[in-house]
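If you want the building blocks of each chain, they are given just below.
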Amino acid sequence: MLVKTRAIILGTTRYLGNMVLVRMYSENKGQSLFIHKGGKRNHAAFLPLTLVEIVAEEKGNRSIQKLKEHSILNGFKEIYLDPEKSAIGLFLTELISKVVKEEEGNQPLFNYLLNMVSHLNSNEVDTKTFHLIFLIGLSEFAGFYPLGNYSTLNRFFDLNEGKYTSSIPPHPFFLEGSAAESLSRLKDCYETNSKLSIQPEDRRILLAALTDFFKLHLPGMKEMKSHLVLQEI
């Protein structure tokens, strides 16, 4: 059966001869793996985060589907012209690949990913906080959105429990001080689509903490690597 859908490229792997394996997050099938002949000649179409329209041949429950046709809908070229955006783009593709494992359509999630990639490609994006807000948003779709807010009473964010508490958790996975307060402000920013400024040290702490947040709530999630580059942003 031939299926036509939009998809966001997550990455490619060279295969036999001139074939490549293309990992995508598609509108109707979630994260899927496709095999494509002549991929080397069409490298621009498979850059990570490119939005494409594809026609794929689906047969039963095969883990790898055959890609019959593809066309670029939006290459989001601005991402690859800016070093900071490129680093964030690399982080996004690694995170999505490791977090969003479902192999079925999820229209709200697809729309969220597409909107965020479009925003990263725009001139209005704040590269200092974009990846942190993306993590907050993705946690909502993953089912463990941070609960509560920072206050004089609830001064600690328990990463393991996923909520603000009034006492120090009995483990090392928590935020306190300005980092805990900044996480609360990040939530507000995500929910109201507003902007904010966070000190560099707190940004580094939050990136490491939110990466741990995903690993704590997704058993078996493999270690992230690309976030180390973002520590310098």
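Residues numbered from 1 in each chain as written. Predicted model: local features only at pLDDT ≥ 70, side-chain atom pairs only at ≥ 80, totals over all residues. Heavy atoms only, no water.

J.: What is the right way to look at the environment of His36 in this model?
T.: Following the sequence through the fold, His36 ends up in strand β3 (residues 30-37). The spacing of His36 and Glu69 is 33 residues in sequence and 9.0 Å in space, taken between C-alpha atoms. (Helix = DSSP H or I, 4+ residues; strand = E, 2+ residues; numbered from the N terminus.)

J.: Quick question: what am I supposed to make of the sheet that holds strand β7 (residues 163-165) here?
T.: The pairing of strands in a sheet happens through backbone hydrogen bonds and is either parallel or antiparallel. If you walk across this open sheet you meet the three strands as β7-β6-β8, and the pairing is antiparallel. Each edge of the open sheet carries a strand with a single partner, namely β7 and β8 (174-175). Here strand β6 (residues 156-158) pairs with β7 via three bridges, running antiparallel. The residue of β7 that forms the bridge with Phe156 is Thr165. (Pairing = 2+ DSSP bridges.)

J.: In this structure, what is going on with helix α6 (residues 200-217)? I would like to understand it.
T.: What sets the pattern is the α-helix's 3.6 residues per turn: residues three or four places apart point alike. The end-to-end C-alpha separation of α6 is 26 Å, in line with the 26 Å expected for 18 residues at 1.5 Å each. Of the positions making up α6, those classed as buried are Asp202, Arg203, Leu206, Leu207, Ala209, Leu210, Thr211, Phe213 and Phe214. Next to the buried residues of α6 lie α2 (83-99), α4 (130-142), β6, β8, α5 (177-192) and α7 (227-230). (Expected span 1.5 Å × (residues − 1). Buried < 20%, exposed > 50% of the residue type's maximum accessible area, 1.4 Å probe, protein only. Contact = heavy atoms within 4.5 Å.)

J.: Where do I start with the pairing of β3 in this structure?
T.: Residues in a regular strand project their side chains so that they alternate between the two faces of the sheet. The element β3 is extensively covered by neighbouring structure, given that six of its eight residues are classed as buried. As judged from the eight bridges shared by strand β2 (residues 19-26) and β3, these two strands associate in the antiparallel manner. For Ser26, the partnering residue across the bridge sits in β3 and is Gly30. Here β2 hands over to β3 after three residues, the two strands then running antiparallel side by side. Bridging between β3 and strand β5 (residues 64-74) involves three bridges; their strand directions are parallel. Within β5, the residue paired with Phe34 across the bridge is Gln65.

J.: Just to check I follow, could you spell out unusual backbone geometry for this structure?
T.: Negative phi is the rule for most residues except glycine; trans is the rule for most peptide bonds. In the Ramachandran plot, Phe76 falls in the positive-phi region, its phi being about 45° despite a non-glycine side chain. Here Phe76 lies in the loop between β5 and α1 (78-81). Although it is not a glycine, Asn193 sits at a positive phi angle of roughly 60°. Note on placement: Asn193 falls in the loop between α5 and α6. According to the relative accessible area criterion, Asn193 is exposed, its value standing at 72%.

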